[in-house]
Amino acid sequence: MYLTRFRFNTARPGARKLLTSPQATHAAVMSAFPTILPTQDDTPRVLWRLDHNAKAENLLYIVSPDRPDLTHLVEQGGWPAAAASGTPGWQTYDYAAFLTGLSKGSTWSFRLTANPVHHVRIKDGAPTKRTAHRTPAHQIGWLLDPERQQRCGFSILTTPQDKRLTEHGDTHQVTIAEHRRLDFAKRDEPTPTKHRVQVTTVTYNGRLQVTDPDALRRALVQGIGKAKAYGCGLMTLAPLT
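The present account deals with the structure reproduced in this document.

Thresholds, definitions, all that
Residues numbered from 1 in each chain as written. Predicted model: local features only at pLDDT ≥ 70, side-chain atom pairs only at ≥ 80, totals over all residues. Heavy atoms only, no water. Axes fitted to C-alpha atoms, helices over the stretch in contact; angles between N-to-C directions. Helix = DSSP H or I, 4+ residues; strand = E, 2+ residues; numbered from the N terminus. Parallel < 35°, antiparallel > 145°, perpendicular 65-115°, else oblique. Contact = heavy atoms within 4.5 Å. Nonpolar A, V, L, I, M, F, W, Y, C, P; charged D, E, K, R; others polar. Pairing = 2+ DSSP bridges. Buried < 20%, exposed > 50% of the residue type's maximum accessible area, 1.4 Å probe, protein only. Core = buried A, V, L, I, M, F, W, Y, C linked by side-chain atoms within 4.5 Å.

This paragraph deals with the packing of helix H1 (residues 13-20) against helix H2 (residues 22-30). Close contact between H1 and H2 brings their axes to 5 Å; oriented N to C, the two are set at 110°. The orientation of H1 relative to H2 falls into the category roughly perpendicular. Contacts from Lys17, Leu18 and Thr20 of H1 reach H2 at Pro22, Ala24, Thr25 and Ala28. Split by residue class, the contact of H1 with H2 holds four nonpolar, two polar and one charged.

Next up, the structure:
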């Protein structure tokens, strides 16, 4: 397994296109692998996430079973001149060693971009419909769901009683860093007003404790939630500061 980081050069038109089109980004990410095997529910897959840290710092993270070649991304939205001088334009790390070292009870900072949804029934007898959570409280509640945390092998840390600032809302150490609503036509759709894709993405920052290392490893390489093709599902961990 590999973890890769790529920084966009936002002065380039190609970078701006990728940053505003999840379909284009997905295609670019998948083009980084010469051989793409069919994805199974129980196997690692290619996951990606865009982090908009600042106007001039937009980072692409990729977790993948194979080492990617992002030469085309450098040419389209990076710094080709720097790459020509010997700097590859992206960094790829051995992720397997990190995953193997995860231990029960260890604590980490995390970032996750996900598509928090639930199923609702509009009227009696009608089939349920997958619908995005709209409010921050419900979006955080989606991540705090006990079954989801157990299935993914972690527990969101709670805030000590004397550190809580409000009576409600900060019991757990998780915040929403960014909320986006994506709305675009499917690729090659002849009538753009029809068959549009609408995806709500939420980026969470927080702290967690590992409860089941094997389950967490699966979540880190298979993704969490829906809409993985549109940049959702990838959780990354960092040491607590």
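From this point, the discussion proceeds with the structure in view.
With that settled, consider the sheet that holds strand S3 (residues 57-64). One open sheet holds the four strands; their spatial order is S2-S3-S1-S4, and the pairing between them is antiparallel. The open sheet is flanked by strand S2 (47-54) and strand S4 (90-94), the only strands paired with a single partner. Taking the axes of each pair of neighbouring strands and ignoring which way they run, one obtains an average angle of 20° across the sheet. Sheet topology places strand S1 (residues 2-7) next to S4; five bridges connect them, and they run antiparallel. Among the inter-strand pairings, arginine 5 is bridged to a residue of S4, identified as glutamine 91.

Here we take up the environment of valine 46. Considering the arrangement of structural elements, one finds valine 46 in the loop between H2 and S2. Its relative accessible area of 16% is what places valine 46 among the buried residues. For the pair formed by valine 46 and alanine 229, sequence separation is 183 residues and the distance between their alpha carbons is 9.0 Å. Residues within four places of valine 46 in sequence aside, it is in contact with Val29, Met30, Phe33, Ile62, Val63, Ser64 and Pro65.

With that settled, consider the nonpolar core. Core analysis: the biggest nonpolar cluster contains 32 residues, and Phe110, Leu143, Phe154, Tyr204, Leu208, Met235 and Leu237 have the highest contact counts within it. If you list the elements that add at least two residues to this core, you get S3, helix H5 (95-100), strand S5 (107-114), helix H6 (136-144), strand S8 (154-156), strand S10 (196-210), helix H8 (213-222) and strand S11 (235-238). If sequence neighbours within four positions are ignored, leucine 143 has contacts with Phe110, Leu112, Gln149, Phe154, Ile156, Val174 and Tyr204. Listed in part, the 20 residues of the second largest apolar core include Val29, Met30, Leu60 and Leu70.

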